[in-house]
Amino acid sequence: MSKTATLTDTPLPTDSEFEGAPATPVRGYWQSVLVRLSRDWVTLAFGVVVLFIICCAIFAPLIAPFDPYSQSIIGRLKPFGWRNHPWGTDELGRDLMSRLIYGGRISLVMGLAPVLVATIVGGTLGVVGGFAGKIANTAIMRTMDVFYAFPSILLAVAISGAMGGGITNGIISLSLVFIPAMCRVAETATAQIKNLDYIEAARASGAGTLAIVRHHVLGNVLGPVFIYASSLVSVSILLASGLSFLGLGVQPPEPDWGLMLSTLRQSIYVDPLGCAMPGIAIFITSICFNLVSDGVRAAMDVRE
Amino acid sequence: MSTTLAAQPYVDARDRGGAAQPMLIVRALQRHFRVKGAGKGAVVRAVDGVSFTLFKGETLGIVGESGCGKSTLARLLLHLIVPDSGELVFDGEAVAAPRGITVAALRRQVQMVFQDSYASLNPRMPIQDSVAFGPMMNGQSRPQARRAAQDILVKVGLRPDLFGPRYPHELSGGQKQRVNIARALAMGPRMVILDEAVSALDKSVEAQVLNLLRALKRTLNLTYLFISHDLNVVRYISDRVLVMYLGQVVELGPAAGLFTTPRHPYTRALLASRLSMDATRRIDTPPLIGDPPSPINPPSGCRFRTRCAHAEAVCADHMPTLGAWEDRTSHVAACHMADATSGHSLAGTA
């Protein structure tokens, strides 16, 4: 033991390897996320596209070349460039470009609103279920399991059918479809970190449950929740179009990408390109959302 | 080795009973965990009637095999796990009792350093914020807490301007563990529980951190409860040592006496299990064979009898008790051989 006792004389570590290294500014977590995001050009580029799509939807009346509702019996299913219609016309002779621009309004709302509601409601339920203890967890998660018994499209149809058509009811039914899955994602992430030592250390330092959730749990749960939410945006747009197709979501003649896709589908041999346009719009929107959210998730990971 | 025993008189504004009053008295502390699938009413006797006294300014080492209840005991002391029964008295005040000290107040004076230095830091929080979190939760403003965190980072040998903004993954194991120590110290505790705090570190880094702990203890007037399975480390840092086996205390005494003349056969076996660097003293057969019995269904009488070379009928019939201890020099063992009146054929020899 006398050998180890001499260790007392060794000087305390000073980390001289870093002597003279420049001091880095102290940044909070979210600040550092923004800094990392600002260096990610790919994400920023796709973010600009997303912004462009959103702006098109907002300023649709200023941008659209024609009235999206005005029909023409002679100008049906015309090709690109016909009589100044840049992308031709649809099966009722309405300007396709104008309808796509206006359709972005409803499609974006149908894509984002249910996901937002589900993220807030399902995420909260999941964190509560993961953190609050056994009884609350069982109550919440078993209730969610009931929803899992139904295929998602069937559930959306059933709820919309019971409540009637329309955009608001569509949003509500889609939210209900997404909440259980979102809840599960948040619950799993919370349960994973719940028993880690830093939570226990925080408790030992006198922090209450709310403070622990706010400072130590949310930042670590948001990542997986975020990435899952972004993947739901495109699913939501497509499910909404499915509801519209069944007459339960958006009602004609409202322009909606999903609805346009299903009505133009009959004309696929006459005007394949025009028929593909709403699909292309959905594809571009969803892929941009996915890439942006992937970038944000990467920026939220401190190791990147 | 026992320099801290003769340390300067203990001074702290929060001190109540003076140096003679123990920092912490633990009486018959018990915690059983229910287990599923092991029969109805089956429990793991993780901590089963543990009693000891921690004096002010000392370092009490706790040793024992994996699963003997060391970590559960540490968490019980902070009420991170609530005890089933038993009593905790912190500086003369009963913990979580009417007219006693509240758990919140206890946690302001007793802090803990965990074994897994990575899991005990929030990966998404700069370490300076991790250290400042405790003070902030206790009413300090953010700039105040930040300044306190920077001061304490200096004390553990980390430059706050360099390391403060970093995230845990950017630090080495030893640095992370120093951050954990800083986090515990930021609360200004009087007592620190070190739960295997150096066990996961390289030997060289371990020595650094041990020396840091000793230096901090001197400058900050701390009392340590040092939990480890490494006997050499415990001997190096402890004034007194407590040996645990299957949730119970089997031996308690001053480090020097316990390591030179162990009284309990389990302690003797533990000490004999240390690997020797001396080629002539190498042993072929391990002194302890097999795993400890299940804490769900421990043996009757003495829990060590199933692995003890001296087990007799009396060991199966009666559970040996630790006996009475008075002060920091008492050396007691829960063994029938240590009790002259037990009826064991070797009674009174240990």
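In this text the structure is predicted, and so the values were computed from the model without any measurement.

Draft legend 1. Spatial organisation of the overall build of chain A. Scanning chain A from N- to C-terminus turns up twelve helices and zero strands. Along chain A, helices (α) and strands (β) appear in the sequence α-α-α-α-α-α-α-α-α-α-α-α when read from the amino end. Taken over C-alpha atoms, the radius of gyration comes to 26 Å for chain A, far larger than the 19 Å a tight globule of 304 residues would show. By its C-alpha atoms, chain A is 100 × 50 × 30 Å across when sized along the principal axes. By sequence separation, contacts in chain A at least 24 residues apart represent 69% of the contacts at least 6 residues apart.

Draft legend 2. Geometry of the sheet that holds strand 5 (residues 93-94) of chain B. All names here are of chain B. On the basis of which strands lie adjacent, the open sheet formed by four strands has the order 2-1-4-5 and antiparallel pairing. The outermost strands of the open sheet, each flanked by one partner alone, are strand 2 (43-54) and strand 5. Along the sheet, helix 1 (residues 70-77) contacts strand 1 (24-34), strand 2 and strand 4 (85-90); its crossing angle with strand 2, the most-contacted strand, is approximately 65 degrees.

Draft legend 3. Layout of the environment of His229(B). Residue and element names in this part refer to chain B. Along the chain, the position of His229 falls in the loop between strand 8 (223-227) and helix 8 (231-237). Considered as a pair, His229 and Gly92 are 137 residues apart in the sequence and their alpha carbons are 30 Å apart. Ignoring sequence-local partners within four residues, the contact set of His229 consists of Val63, Gly64, Glu65, Ser66 and Ser199.

Draft legend 4. Molecular detail of the sheet that holds strand 11 (residues 332-333) of chain B. All names here are of chain B. Strand order in the open sheet formed by seven strands is 6-7-8-3-9-10-11, and the pairing between neighbours is mixed. What marks the edges here is a single partner per strand, and that holds for strand 6 (110-113) and strand 11. Summarising the sheet, strand 9 (residues 240-245) and strand 10 (residues 248-254) pair through six bridges and their orientation is antiparallel. If you follow Met244 over to strand 10, its bridge partner there is Val249. Most of the contacts of helix 6 (residues 173-185) go to strand 6, to which it runs at about 170 degrees, and overall it touches strand 6 and strand 7 (191-195).

Draft legend 5. Quick peek at the environment of Pro224(A). Residue and element names in this part refer to chain A. Along the chain, the position of Pro224 falls in helix 10 (residues 209-245). Under the C-beta neighbour-count criterion, Pro224 is labelled partly exposed, with 16 such atoms within 10 Å. The sequence separation of Pro224 and Gly206 amounts to 18 residues, and the corresponding C-alpha distance is 28 Å. Once residues within four sequence positions are removed from consideration, Pro224 is found in contact with Val185 and Ala189.

Draft legend 6. Broad picture of the confidence of the model for chain B. Residue and element names in this part refer to chain B. Per-residue confidence for chain B gives a mean pLDDT of 85; residues scoring 70 or more make up 96%. Contacts for the low-pLDDT stretch residues 1-7, under 50 throughout, to residues beyond four places or in other chains number eleven contacts. With pTM at 0.80, the complex prediction returns an ipTM value of 0.80.

Draft legend 7. Representation of the pairing of strand 10 of chain B within the structure. Residue and element names in this part refer to chain B. Judged by how many residues are buried, strand 10 sits mostly within the fold: seven of seven residues are covered. The antiparallel pairing of strand 9 with strand 10 creates a hairpin that spans two residues between the two strands, and Leu246 there sits at a positive phi of about 50 degrees. Sheet topology places strand 10 next to strand 11; two bridges connect them, and they run antiparallel. Looking at the pairing, Leu252 lines up with Val332 of strand 11.

Draft legend 8. Up close: unusual backbone geometry. All names here are of chain B. In this structure, Asp91 is a non-glycine residue whose phi angle is positive, near 45 degrees. Mapped onto the fold, Asp91 is located in the loop between strand 4 and strand 5. Positive phi, normally seen in glycine, also occurs at Leu246, with a value near 50 degrees. With respect to the secondary-structure elements, Leu246 resides in the loop between strand 9 and strand 10.

Reading guide: rules and limits
- Residues numbered from 1 in each chain as written.
- Chains lettered and ligands numbered in written order.
- Predicted model: local features only at pLDDT ≥ 70, side-chain atom pairs only at ≥ 80, totals over all residues.
- Helix = DSSP H or I, 4+ residues; strand = E, 2+ residues; numbered from the N terminus.
- Rg over C-alpha atoms; globule rule 2.2 N^0.38 Å.
- Contact = placed C-beta atoms within 7 Å.
- Pairing = 2+ DSSP bridges.
- Axes fitted to C-alpha atoms, helices over the stretch in contact; angles between N-to-C directions.
- Buried ≥ 20, exposed ≤ 12 C-beta atoms within 10 Å, placed from the backbone.
- pLDDT = per-residue confidence, 0-100.

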